[in-house]
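Below are the chains, spelled out letter by letter.
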Amino acid sequence: PESITVQELANRMAEKGADLVKALFKMGTAVTLNQPIDQDTAELLVEEFGHRIQRVSDADVEIGMQGEADAPETLQPRAPVVTIMGHVDHGKTSLLDALRGTNVVSGESGGITQHIGAYQIKTKGGDLITFLDTPGHEAFSEMRARGANVTDIVILVVAADDGLMPQTIEAINHTKAAGVPMIVAINKCDKPDANPQKVRERLLEHEVIVEDMGGETQDVEVSALKRQGLDALIDKILLQSELLELTANPDRAAEGNVIEAQLDKGRGAVATVLVRRGTLKVGDTFVIGAESGKVRAMINDKGQQVKQAGPSTPVEVLGLSGVPMAGDQLTVVENEARAREVAAYRQEQATKKRTTAAPTSFEHMFSALN
Ligand code: GDP
Ligand code: MG
């Protein structure tokens, strides 16, 4: 069951067998149509062709990754990955700060927590929650367009004094398109002109029906400024997370997605990677988008060096050949020769795509127009 012939895979991908053979050849593997290929090679192929295997098992759906599922007995609970969205000035950044400030268990609170685009908090009960500090909807849809559905839960921030605004509605639409559950955080409830009930009513018009209105969407009144309602919000995230039964196999070669990346003076190309499954370790050889590398060092969201990072953990990775793009996939491979092969192939594919650049979806078109 661990192998599939090239022709079978082509059928499942609705591609020509010959095209797969060609792609494999470029990746350094010469095979014929009826020859079996191993799971890792199949996964890479699927990825190169930009497909997602139609998933059968729950585990696949949960992981939301390209490639094959891990065996059910290998799966372990993992932290939810949460993205905060909403209209400008409704308090996304304030809410993130408030959540971090009141919940980070750290001796150095108020100290130097460096910005890596994602961070994890530990709740009073000891549960971990990963927050993505994405700058807006564009990043969210851009990541999705690149096949990286990394978010498990969206928190929609709506200011209770301002109500539903254009970007609120955009965020609702993006979240629906992604099929991700939403929790509504009605913010700025400390303000005298706050009208949370009106927010709930207006949400109805966009088919977001909160529990009080007979629907299933959780909502919570908060004030990021006064740090009110944060525990309730965290409880709702954990409840939602429980319903999703989020799991991943920590004991395999790591896969993850780039959250952000840049060229850093002195440190070279650096990427913040969210590990999706497996455990990323110092010394691992990897392909990351069209780049490759070997993990020279990893730094967590608290600025500490770490030796390894498991599922749902964001880490800064050093040791890249160049700067990848947000959403790019990191795949740990067996050796450097293999990494270079795959990276070269991806680079070529990327060049091809650029020269025939076309919007990949309506959503993508919209964000391109903005
Ligand atoms: P973002 O653009 O969504 O990230 O919004 P910010 O977090 O930057 O907040 C925009 C403004 O709203 C800032 O001046 C905040 O101080 C203010 N703000 C954020 N949350 C609250 C809140 O709960 N109550 C009040 N009164 N002001 C808030
Ligand atoms: Mg902000």
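Higher on the page you've got the structure.
Everything numeric here is computed off the predicted structure, so don't read it as measured data.

Parameters and conventions
Residues numbered from 1 in each chain as written. Chains lettered and ligands numbered in written order. Predicted model: local features only at pLDDT ≥ 70, side-chain atom pairs only at ≥ 80, totals over all residues. Heavy atoms only, no water. Near = heavy atom within 4 Å. Polar contact = N/O pair within 3.5 Å; in protein donor to acceptor, adjacent residues only side chain to side chain. Areas by Shrake-Rupley, 256 points an atom, 1.4 Å probe, with all protein chains shown as cover. Pairing = 2+ DSSP bridges. Helix = DSSP H or I, 4+ residues; strand = E, 2+ residues; numbered from the N terminus. Right-handed = clockwise from strand over helix to strand, strands pointing away. Axes fitted to C-alpha atoms, helices over the stretch in contact; angles between N-to-C directions. Contact = heavy atoms within 4.5 Å. Core = buried A, V, L, I, M, F, W, Y, C linked by side-chain atoms within 4.5 Å. Buried < 20%, exposed > 50% of the residue type's maximum accessible area, 1.4 Å probe, protein only. Arc of directions from axis to C-beta.

1. As for the site of ligand 1
Line of reasoning, step 1. The full set close to ligand 1 counts 15 residues, and Asp89, Lys92, Thr93, Ser94 and Asp190 are the nearest of them.
Line of reasoning, step 2. Residue Gly91 places a main-chain N or O atom 3.0 Å away from an oxygen atom belonging to ligand 1.
Line of reasoning, step 3. One nitrogen or oxygen atom from the main chain of Leu225 is found 3.2 Å from an oxygen atom belonging to ligand 1.
Line of reasoning, step 4. When isolated, ligand 1 has an accessible area of 580 Å², and the protein chains bury 74% of it.

2. Comments concerning the pairing of strand 9 (residues 218-221)
The side chains of a regular strand alternate, first on one face of the sheet and then on the other.
Line of reasoning, step 1. Pairing analysis gives four bridges linking strand 8 (residues 182-187) to strand 9, with the strands arranged parallel. Its bridge partner being in strand 9, Ala185 is matched across the sheet by Val220.
Line of reasoning, step 2. In this region the chain leaves strand 8, passes through helix 8 (residues 196-204) and returns to the parallel neighbour strand 9; the handedness of that crossover is right-handed.

3. Here we look at the sheet that holds strand 5 (residues 118-122)
Line of reasoning, step 1. The mixed open sheet is built from six strands, whose spatial order is 5-6-4-7-8-9. At either margin of the open sheet sits one strand with a lone partner, and together these are strand 5 and strand 9. Shown here is a sheet whose adjacent strand axes are inclined to one another by a mean of 25 degrees, direction ignored.
Line of reasoning, step 2. Pairing of strand 7 (residues 153-159) with strand 8 involves six bridges; the strand directions are parallel. From the neighbouring strand, Val158 faces strand 8, where its bridge partner is Ile186.
Line of reasoning, step 3. Contacts from helix 9 (residues 230-244) reach strand 4 (81-86), strand 5, strand 6 (128-132), strand 7, strand 8 and strand 9 within the one sheet, and its direction differs from that of strand 9 by about 170 degrees.

4. Focus: the nonpolar core
Line of reasoning, step 1. Membership of the largest hydrophobic core comes to 23 residues, with the highest contact counts inside it found for Leu95, Phe131, Ile155, Leu233 and Ile237.
Line of reasoning, step 2. If you list the elements that add at least two residues to this core, you get strand 4, helix 5 (92-103), strand 5, strand 6, strand 7, strand 8 and helix 9.
Line of reasoning, step 3. At five residues, the largest contribution of residues to this core is made by helix 9.
Line of reasoning, step 4. In this structure, Leu9, Met13, Val46 and Val342 belong to the second largest nonpolar core, which totals 21 residues.

5. Re helix 1 (residues 6-13)
Line of reasoning, step 1. Inspection of helix 1 places Val6, Leu9, Ala10 and Met13 among the buried residues, and these make up the whole buried set. An end-on view of helix 1 places all buried positions within 100 degrees of arc, on one side of the element. Across from the buried face of helix 1, at angles greater than 90 degrees, the exposed residues are Asn11 and Arg12.
Line of reasoning, step 2. Looking at the buried positions of helix 1, the neighbouring elements they touch are strand 1 (3-5), helix 2 (17-26), strand 2 (36-38) and helix 3 (39-48).

6. Here's the deal with helix 3
Line of reasoning, step 1. Helix 3 sits mainly inside the fold: nine of its ten residues count as buried.
Line of reasoning, step 2. For helix 3, the full list of buried residues reads Gln39, Thr41, Ala42, Glu43, Leu44, Leu45, Val46, Glu47 and Glu48.
Line of reasoning, step 3. Gly50, located one to two residues past helix 3, shows a positive phi value of around 70 degrees.

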